[in-house]
Amino acid sequence: MVLEPQVEPIFHPDSYGYRPGRSALQALAVTRTRCWKNDWVVDLDIKAFFDTIDHSLIMRAVAHHTDLPWALLYVRRWLAAPMQYPDGTQTARDRGSPQGSAISPLLANLFMHYAFDAWMARTYPGITFERYCDDVVVHCRSKAQAETVRDAIGARMEEVGLQLHPDKTRVVYCKDSNRQGSAEFEQFTFLGYTFRPQLAKGTKNGAFFVSFSPAVSRDALTRIRATIRGWRIHRRSDLTFAEIVTRINRYVAGWIAYYGRFYKSALYVALQGINTYLMRWAKRKFKNLRRSRKRSWAALKAIYARQPGMFAHWKFGVGPT
């Protein structure tokens, strides 16, 4: 509460993580637009960022914005607090910022502002980027420029005690219908979305074309499916239908709000599985449906026809068909 008003005005406009009035979805929207305008992307992966932040550098940055002794004292204590393991043993901490502490997001942004944002603005003023904490995408016009910028950023990270992951940092070609040729990497994942060539439909003439656009990532879909399976809806005959609705919507509404913003059809397959579990729940719950999967499915479709907005995924367009 004390530090944020001091540092927020100096932060870069393309820094989106853990800042008031900014969000991951805003970063994704800007990334999509810039991928359409630039052929290449440098997908940066900083190795063990929160575990390797240099304490002396972050304290220097904090001291640049406040001279309050107690504020500096508490930040220093937060950074130096030892790590305790489940067995009670402790390890001294001489670098890194403890994830989960109230101050870590602000310290991470402050560190990366001076380590990356301000440096990029000085060194490559014509090159755009989006940063969400330590997750960064840089846009370039050519492969040669992308490789040059990647190497320069790598050297800069080493100057401030960080390291780019050699295998996960990639130069990516934003391939679409208007771009010829190919490259080793033609997709990247940013904030739970994978940017890749996608089939799209034109708004003016309705013709199909390939667009380099974001859709929910495979890892995110895997986590969603695992969560849905973990509910074990088909075995919860102790719950009423109203309770089932409440439990499902609590999760699904959030998934749709985030992962349904871009290329929403990619989310349909995972959510369709909920209807199968609902059918199996009805089959187990009601005696007159136990012997017939077809009748159970028909009952679910009848509810959907009467109240298509009952479940968040039904309202999203993923009803039983």
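Residues numbered from 1 in each chain as written. Predicted model: local features only at pLDDT ≥ 70, side-chain atom pairs only at ≥ 80, totals over all residues. Heavy atoms only, no water.

Caption draft 1: Structural context of the pattern of salt bridges. Counted under the stated rule, the structure contains nine salt bridges. Its salt-bridge partner being Arg-150, residue Asp-151 comes within 3.2 Å of it at the nearest N-O pair. One salt bridge in this structure joins Asp-238 and Arg-236, with 2.8 Å as the shortest N-O distance. Exposure remark for Arg-236: the relative accessible area of 26% places this residue in the partly exposed category. (Salt bridge = Lys/Arg side-chain N within 4 Å of Asp/Glu carboxyl O. Buried < 20%, exposed > 50% of the residue type's maximum accessible area, 1.4 Å probe, protein only.)

Caption draft 2: Focus on the pairing of strand 8 (residues 193-201). Bridge count for strand 7 (residues 188-190) against strand 8 is three bridges, and the pairing is antiparallel. Residue Phe-190 lies in a different strand from strand 8, and its bridge partner there is Tyr-193. Counting the residues between successive antiparallel strands, the hairpin from strand 7 to strand 8 contains two residues, one of them, Leu-191, with a positive phi of roughly 55°. Pairing geometry for strand 8 and strand 9 (residues 208-216), over nine bridges, is antiparallel. The partner of Leu-199 across the bridge, within strand 9, is Val-210. Taking the residues between adjacent antiparallel strands as the criterion, strand 8 and strand 9 are bridged by six residues, where Gly-206 takes a positive phi near 75°. (Pairing = 2+ DSSP bridges. Helix = DSSP H or I, 4+ residues; strand = E, 2+ residues; numbered from the N terminus.)

Caption draft 3: Geometry of helix 8 (residues 218-231). An ideal rise of 1.5 Å per residue puts 20 Å on 14 residues; helix 8 measures up with 20 Å between its terminal C-alpha atoms. Here helix 8 has its buried residues at Ala-220, Leu-221, Ile-224, Ile-228 and Trp-231. Along the axis of helix 8, the buried residues cluster in a sector spanning 100°; they form a single face. For helix 8, exposure combined with an orientation more than 90 degrees from the buried face picks out Arg-218, Asp-219 and Gly-230. The inward-facing, buried residues of helix 8 contact strand 9, helix 9 (241-259) and helix 10 (268-285). Residue Arg-232 follows helix 8 closely and has a positive phi angle near 50°. (Expected span 1.5 Å × (residues − 1). Arc of directions from axis to C-beta. Contact = heavy atoms within 4.5 Å.)

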